[in-house]
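Secondary and tertiary structure notes
Each chain is listed here by its residues.
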Amino acid sequence: MTTTTAPARPRHRAHTKLDLSRYSQLIGLIVVIALLAIAFQVTNPAFMSGANWLEILRSATLYFIVACPVTLVIVAGGLDLSIGAIYALGAVVAGLSMVAGLPWPLAILVGMAVGAIAGLMTGALAVFLEVPSLIASLAMFFIATGVAVVITGGRDVFGFPEAFTNIGSGSILGIPNLIFIAAAIGVIFHLVLEHTAFGYDVRATGGNRKAALANGIKVGRVDLVLFATSGGVAALAGILGASRIFSASPLAGGNALTFQVLTAIIIGGTSLFGGIGSITGSALGALLFAVINNGLATSGVNPLMQNIFVGVILAGAVCIDQFRRKRQFRSGR
């Protein structure tokens, strides 16, 4: 009697044509960022200064932190629209905890735990009740927003200890702490996605869910872990944002953060169809937004022009994704 076993997970992903396509899109993003920087430098000679670039990087950090786990969610074939609301919920829960006398390190953990539980609830709806992740996460967006407003009475929370506010507003050797934190989180998620068995499971789940199930991958568990992680990290980003501005608002994040993060991820080369994506691409997408926002502000251009930039770039990114998918299909991969 013979038995069949699931194929072993590869220790290293091969460099395929698909990878080359991804790298070409990343190079294209770098070129776009460079061209925008040159254009903004022409209108504002101070744009390329070291101080301004530090501000650009710092403004990109919170979006990038949220984007890291959401990139994995999308690569696995899901979608998380709750991140903007959980961002605010985690911040106000941590803030209220500190105001009530809880030490700030524990308050941070409480806020992250609440975010992770909210994300886990979203995952449970998607996995056990088979609710599409778009609908499940949208429902959680409204629930988390409502909870944040109710527990604060719609008012901002403030009065945090100095040790906590130094996290978001302080710096080391002139470099903002948030840049170091974002870089560390980015490295962790990059290593998980590109160099671990779990990362392989994430790509396999998004590439072909039925085949992943047939090969022994527990796709439901993958989804639960990803949504819980997305909620916890979104809450952490909200807490870091509160430490930077010395207050936590129940209306922080919201639709604006949600769609800007998702757009940055898509622009960075992550496919809405699943299976394709990278943390590096999401980092460049977040940086592109920061360059546009800063350049428009420092050059005296109407900030409302940002929507035009975003729309054009997003349309281009989706067209590139469609082209990439069609070429992949024609090659039989």
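Our subject is the structure that appears above.
Residues numbered from 1 in each chain as written. Predicted model: local features only at pLDDT ≥ 70, side-chain atom pairs only at ≥ 80, totals over all residues. Heavy atoms only, no water.

1. Topic: the overall build of the protein
Check the secondary structure of the protein and you find 13 helices and four strands. Sequence-distant contacts in the protein: of pairs separated by 6 or more residues, those separated by 24 or more amount to 80%. (Helix = DSSP H or I, 4+ residues; strand = E, 2+ residues; numbered from the N terminus. Contact = heavy atoms within 4.5 Å.)

2. A word on the packing of aromatic side chains
Per the counting criterion, the structure on display carries four aromatic pairs. Centroid distance Phe-47 to Trp-53: 5.9 Å. Interplanar angle 70 degrees. Geometry classified as edge-to-face. Residue classification places Trp-53 among the partly exposed positions, given a relative accessible area of 21%. Aromatic pair Phe-160 and Phe-164: ring centres 5.4 Å apart, planes at 85 degrees, arrangement edge-to-face. Like Phe-160, the residue Phe-164 is buried in the burial classification. Joined through ring pairs, the aromatic side chains of Phe-40, Phe-47 and Trp-53 make up one cluster. (Phe/Tyr/Trp six-rings, centres within 6.5 Å; stacked < 30°, edge-to-face > 60°. Buried < 20%, exposed > 50% of the residue type's maximum accessible area, 1.4 Å probe, protein only.)

3. Structural notes on the packing of helix 11 (residues 254-267) against helix 12 (residues 279-298)
Closest axis-to-axis distance for the helix 11/helix 12 pair is 7 Å, and the angle between their directions is 120 degrees. Judged by the inter-axis angle, helix 11 sits oblique to helix 12. For the element pair helix 11 and helix 12, the recorded crossing hand is right-handed. Seen from helix 11, the contacting residues are Gln-260, Thr-263, Ala-264, Ile-265 and Ile-267; seen from helix 12, they are Gly-281, Ser-282, Gly-285, Ala-286, Leu-288, Phe-289 and Asn-293. (Axes fitted to C-alpha atoms, helices over the stretch in contact; angles between N-to-C directions. Parallel < 35°, antiparallel > 145°, perpendicular 65-115°, else oblique. Left-handed = near helix turned anticlockwise from the far one by under 90°.)

4. Observations concerning the pattern of salt bridges
If you walk through the whole model with that rule in mind, you get four salt bridges. Each of the salt bridges in this network shares a partner with another, and the network as a whole consists of Glu-55, Arg-58 and Arg-244. (Salt bridge = Lys/Arg side-chain N within 4 Å of Asp/Glu carboxyl O.)

5. Section: the nonpolar core
It is characteristic of soluble globular proteins that their nonpolar side chains tend to be buried jointly. Core analysis: the largest hydrophobic core is formed by 62 residues, its most contacted members being Ile-65 and Val-66. Aside from chain neighbours lying at most four places away, what touches Ile-65 is Ile-181, Ala-182, Ile-185, Val-233, Ala-237 and Leu-240. Within the second largest apolar cluster, 20 residues are counted, among which are Leu-26, Ile-56, Val-291 and Leu-296. (Core = buried A, V, L, I, M, F, W, Y, C linked by side-chain atoms within 4.5 Å.)

6. Regarding the packing of helix 2 (residues 50-75) against helix 10 (residues 219-245)
Helix 10 packs onto helix 2 with a crossing angle of 165 degrees between their chain directions and a minimal axis gap of 7 Å. Relative to helix 10, the element helix 2 lies roughly antiparallel. Considering only the axes of helix 2 and helix 10, their crossing is left-handed. On helix 10, the residues touching Glu-55, Arg-58, Ser-59, Leu-62, Ile-65, Val-66, Pro-69, Val-70, Leu-72 and Val-73 of helix 2 are Leu-226, Phe-227, Thr-229, Ser-230, Val-233, Ala-234, Ala-237, Leu-240, Gly-241 and Arg-244. Grouping the constituent residues of the contact of helix 2 with helix 10 by class yields 13 nonpolar, four polar and three charged. (Nonpolar A, V, L, I, M, F, W, Y, C, P; charged D, E, K, R; others polar.)

7. Quick look at the side chain of Glu-194
Counting through the fold element by element, Glu-194 comes out in helix 7 (residues 177-195). A residue is classified by how much of its surface remains accessible, and Glu-194, at 12% relative accessible area, is buried.

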